[in-house]
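# Notes for the structure review
Residues per chain, in single letters:
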Amino acid sequence: TLESTQENSPGKSSRAISLQAWNPNAGYLDRLRNAKPGERYAIYLEERSENSRNPGFYVDVAGLLLDGQQPDIGLRVLSNLAELELENVELLRTLANRLVEAGRPDLARPLLERVLDLRPDEPQSLRDLALVCAALKDYQRAVDLLWRVVDHEWDGRFPDVELIALGELNAIVATCGQELDLSRIPDKFRTNLPLGLRVVLTWNADDCDIDLWVHDPNGEKTYYGAPLSSQGGMISRDFTGGYGPEEFLLREPKPGKYLVRINYFGDRRQTLLGPVAVQVHIFTGFGTAAQEEKLITLRLGATRETLDVGSIVIEQ
């Protein structure tokens, strides 16, 4: 379990985010978990002979090594993904996302630049690169890329991605502490809307339908079938074709526990990677100087699977 606690300014709530770590059921991981840290790389090399063409193998092993405080070896294992299929966008996105989670957006950036070259017709290519640029404090490039998402008419299978990008753009402008060139952005689009709680779900593969559910302290479930909650929570339109993002927003969360779940509704894809990889990004104080966030990568198995990702506890 990953946990963080944010203590806010006087008069504000404290927020704790708890996420469930991905725990795949694989024999090679049992061997690695039971081995001493100094023995793990040799075991990985043994297991690789039978799993060399299995991308999930590298994701799983790298995750264990990274979580086990062996970042150099973990990154070395993860780099094998890029060598399997250099033009495979799904693999490149998966590798980039895992590098971001490992705290290496600098290594993710060239991969996402390549994704943008390969898939310029998908708004997620621009958005993913923009967020990595923001993590690297290249705020001008981040804002320019997000504005390209906003200022374009995308295919109908990417509903309301412009609104999500616009919120992220304005949050960057409000919190980056730098003067940016916003001359191309009309004034009517330049309003920051800070949020007490924000949850974003994305995934790496096209032709997948994955749904974000948030259960609040009132017992309400906010999801595509009930997109507005009584306390003002809102979920974005349903992505049924691929990638996301799906986003939950709540400006002033009431005290209590919020449970984040994802539902693997359907899958029409043919893919090398196997189980679809998803990312859940949870923010408190989004768009403010007090922003805190947690990011986790998961791989889903069978369709119709529902998974508890984690929780956020808002205390008075």
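See above for the structure.
Reference entry: report on the structure contained in this document. (Residues numbered from 1 in each chain as written. Predicted model: local features only at pLDDT ≥ 70, side-chain atom pairs only at ≥ 80, totals over all residues. Heavy atoms only, no water.)

### Quick word on the side chain of Arg93
Its place among the elements puts Arg93 in helix H6 (residues 89–101). Once residues lying within four places of it in the same chain are set aside, the contact partners of Arg93 are Val115, Arg119, Glu122, Gln124, Ser125, Asp128, Asn204 and Tyr243. (Helix = DSSP H or I, 4+ residues; strand = E, 2+ residues; numbered from the N terminus. Contact = heavy atoms within 4.5 Å.)

### Topic: the environment of Ala35
Residue placement: Ala35 occurs in the loop between helix H1 (27–34) and helix H2 (40–51). For Ala35, the residues in contact, after removing those within four places along its chain, are Arg40 and Ile43.

### Let's talk about the packing of helix H3 (residues 55–67) against H6
Two numbers describe how H3 lies on H6: the axes approach to 12 Å, and their chain directions differ by 5°. Between H3 and H6, the angle is such that the two are roughly parallel. Side by side, H3 and H6 meet where Pro55, Val59, Gly63, Leu66 and Asp67 of the first sit next to Leu91, Thr94 and Arg98 of the second. Residue composition of the contact of H3 with H6, by class: four nonpolar, two polar and two charged. (Axes fitted to C-alpha atoms, helices over the stretch in contact; angles between N-to-C directions. Parallel < 35°, antiparallel > 145°, perpendicular 65-115°, else oblique. Nonpolar A, V, L, I, M, F, W, Y, C, P; charged D, E, K, R; others polar.)

### Here we look at the packing of helix H8 (residues 123–135) against helix H10 (residues 161–175)
Across the interface, H8 lies against H10 with an axial gap of 11 Å and an inter-helix angle of 15°. Taken together, the axes of H8 and H10 lie roughly parallel to each other. Judged by the sense of rotation from one axis to the other, the crossing of H8 with H10 is left-handed. Together, Pro123, Arg127, Leu131 and Ala134 of H8 and Val161, Ile164, Glu168 and Ile172 of H10 make up the contact between the two elements. Per-class residue counts for the contact of H8 with H10 are six nonpolar, no polar and two charged. (Left-handed = near helix turned anticlockwise from the far one by under 90°.)

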